[in-house]
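Given next are the chains, with one letter for each unit.
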Amino acid sequence: MRTIAVLFTCFNRKDKTLSALKSVFDAHNLVKDTITIKVYLTDDGSTDGTGDAVRSIYPEVNVLQGNGQLYWAGGMRNSWKAALTNQYDAYLLLNDDTDVNNTLFEELVKTHTYCINTYQQGGLYIGSTIDELTQNLSYGGYVFTNKFLAKYKKVIPNEKHPQECELGNANILLAHKDAVEKIGMLSEGYAHGMADFDYTLKAKKSKVPVLITTNVLGTCTNDHTNPYLTFHQLPLKERIKKLYHPVGLDFKSQLNYMKRNFLYRLPFVYIAGWLKVLFPKFYFNKMYKNRL
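From a predicted model like this one, the values you see are computed outputs, not experimental measurements. (Residues numbered from 1 in each chain as written. Predicted model: local features only at pLDDT ≥ 70, side-chain atom pairs only at ≥ 80, totals over all residues. Heavy atoms only, no water.)

Q: Give me the lowdown on the overall build of the protein, citing residues and values where you can.
A: Of regular secondary structure, the protein possesses 11 helices and 15 strands. Rg of the C-alpha trace for the protein: 19 Å, near the compact-globule value of 19 Å for 292 residues, within the 12% margin. With respect to the three principal axes, the spread of C-alpha positions in the protein is 60 × 45 × 35 Å. When burial is assessed residue by residue, the protein has 51% of its 292 residues classed as buried. Sequence separation of 24 or more characterises 74% of the internal contacts of the protein that already satisfy a separation of 6 or more. Of the charged side chains in the protein, 35 are positive and 27 negative; the average position of the first set lies 11 Å away from that of the second. (Helix = DSSP H or I, 4+ residues; strand = E, 2+ residues; numbered from the N terminus. Rg over C-alpha atoms; globule rule 2.2 N^0.38 Å. Buried < 20%, exposed > 50% of the residue type's maximum accessible area, 1.4 Å probe, protein only. Contact = heavy atoms within 4.5 Å. Lys, Arg positive; Asp, Glu negative; His and termini not counted. Charge placed at Lys NZ, Arg CZ, Asp CG, Glu CD.)

Okay, here's the thing in structure tokens:
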């Protein structure tokens, strides 16, 4: 694994994006004699000067311009499509708010070697992240605890060897060319969320190994807030808008995810989504009020 395309998308997080890029190049400096990287970054209409700052500080980065409507999944597909015009041994997806450890590439190579020796093919490799403040795992790989209810739990890096998982976040996700030849890139039909979970499930269905790395590979704060805590306070028109907005409840992506992976759950998810919109106080009282 000598050539890697590193894929980013960003929107109005200049400082975090520059920090993430710096961490990648710092990690690459330790393996530059054996691994070549090329960074593709989609700037999805940032107004804070992110794209210009990247061009100025890191002229070697291929900055692609989005239209402001790509969001995370669309932006990552845009970067990936640009990378596919060349041939790489692997494609490394990174979030623009994730700082990777200096051991990033070394760990990924070790995981790939383990995968080849164990499964005789390249796969998907998930790097877990921790929250710097809490030191808790923030993103990584998961296994199902109840597939019918689509419930899952984190797989904890054991610091001994890679482990199989069924779902994975793309905060740090490397797709080897063997996997990409089988399953392609992130699927269309996802605007912001769910595309990474769909991709790892697509790999599992195609008998592509999905592994978490032996050790944690970076830091990333899980700063997602629960939208339902204030959802019931919005007027109906705003609730409907939030239901379908890519950085709201991203309902279309949720439905696509269920249709492709848990078809039996599709009607329940659809009905539940609209019940939350039409009767938000009932949902809030049942799910959250007693916990606050």
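Q: Just give me the short version of the sheet that holds strand E4 (residues 90-94), but keep the residues and values in it.
A: Taken together, the 8 strands give an open sheet; going across it, the order is E3-E2-E1-E4-E13-E6-E14-E11, and neighbouring strands pair in mixed fashion. Looking at strand neighbours, the two that pair on one side only are strand E3 (62-65) and strand E11 (163-164), the edges of this open sheet. Judged from the 4 bridges that link them, strand E1 (residues 3-10) and E4 form a sheet pairing that is parallel. Of the residues in E4, the one forming a bridge with isoleucine 4 is alanine 90. (Pairing = 2+ DSSP bridges.)

Q: Would you mind going over helix H6 (residues 195-205) in detail, with residue names and values included?
A: A large share of H6 lies buried, amounting to 8 of its 11 residues. Listing the buried residues of H6 in full gives Ala195, Asp196, Phe197, Asp198, Tyr199, Thr200, Leu201 and Ala203. Where H6 ends, the next residue or the one after it, lysine 207, has phi of about 65°, a positive value.

Q: Lay out the nonpolar core in plain terms, naming residues and giving numbers.
A: In summary, soluble globular proteins display a tendency toward joint burial of nonpolar side chains. In terms of nonpolar packing, the biggest core is built from 49 residues, with Leu7, Trp80 and Tyr199 touching the most fellow members. With residues near it in sequence (within four places) discarded, tryptophan 80 still touches Leu7, Tyr91, Leu93, Ala175, Val180, Gly184, Met185, Leu186 and Tyr199. (Core = buried A, V, L, I, M, F, W, Y, C linked by side-chain atoms within 4.5 Å.)

Q: So what's going on with unusual backbone geometry? Which residues, and what values?
A: Apart from glycine, the bulk of residues carry a negative phi angle, and the bulk of peptide bonds sit in the trans form. At asparagine 12, a position not held by glycine, the phi torsion is positive, near 55°. Tracing the chain through its elements places asparagine 12 in the loop between E1 and helix H1 (14-29). Backbone geometry at alanine 150 places phi at a positive 55°, although glycine is not the residue there. Position of alanine 150 among the secondary structure elements: in the loop between strand E9 (141-146) and strand E10 (151-154). The exposure class of alanine 150 is buried, given its relative accessible area of 17%.

Q: How would you explain the packing of H6 against helix H9 (residues 251-261) if you had to name every residue and give the values?
A: Look at H6 against H9: their axes get within 11 Å of each other, and the N-to-C directions meet at 10°. With respect to their mutual orientation, H6 and H9 come out roughly parallel. In this structure, H6 contributes Phe197, Asp198, Leu201 and Lys205 to the contact, and H9 contributes Tyr257, Arg260 and Asn261. Taken together, the residues of the contact of H6 with H9 break down into 3 nonpolar, 1 polar and 3 charged. (Axes fitted to C-alpha atoms, helices over the stretch in contact; angles between N-to-C directions. Parallel < 35°, antiparallel > 145°, perpendicular 65-115°, else oblique. Nonpolar A, V, L, I, M, F, W, Y, C, P; charged D, E, K, R; others polar.)

Q: Quick rundown of a nonpolar patch on the surface? Include the residues and the values.
A: Together, Leu236, Ile240, Tyr270, Ile271, Leu275, Leu278, Phe279 and Phe282 line one region of the surface with nonpolar side chains, adding up to about 780 Å² of accessible area. Listing elements by their share of the nonpolar patch, those giving two or more residues are helix H8 (236-244) and helix H10 (266-278). If you trace the backbone, leucine 278 turns up in helix H10. A relative accessible area of 47% places leucine 278 in the partly exposed class. (Patch = residues over 30% accessible without salt bridge, like charges linked within 9 Å, V, L, I, M, F, W, Y side chains within 5 Å. Areas by Shrake-Rupley, 256 points an atom, 1.4 Å probe, with all protein chains shown as cover. Salt bridge = Lys/Arg side-chain N within 4 Å of Asp/Glu carboxyl O.)

Q: Provide a residue-level description of the pattern of salt bridges, including the pertinent values.
A: Following the criterion strictly, the structure yields 10 salt bridges and no others. The partner of glutamate 188 in a salt bridge is arginine 77, with the nearest N and O atoms 3.4 Å apart. Here the residue glutamate 188 occupies a position in the loop between helix H5 (177-183) and H6, and arginine 77 occupies one in helix H3 (residues 71-83), the gap between them amounting to 111 residues. A salt bridge links aspartate 89 to lysine 177, with the shortest nitrogen-to-oxygen separation between them at 3.5 Å. In this pair, aspartate 89 sits in the loop between H3 and E4 while lysine 177 sits in helix H5, placing the two residues 88 residues apart along the sequence. Exposure remark for aspartate 89: the relative accessible area of 17% places this residue in the buried category. Overall, the relative accessible area of 34% leaves lysine 177 in the partly exposed class.

Q: How would you explain the side chain of threonine 111 if you had to name every residue and give the values?
A: Position of threonine 111 among the secondary structure elements: in helix H4 (residues 104-119). Not counting residues within four places of it along the chain, the set of residues in contact with threonine 111 comprises Tyr125, Pro162, Leu211 and Thr213.

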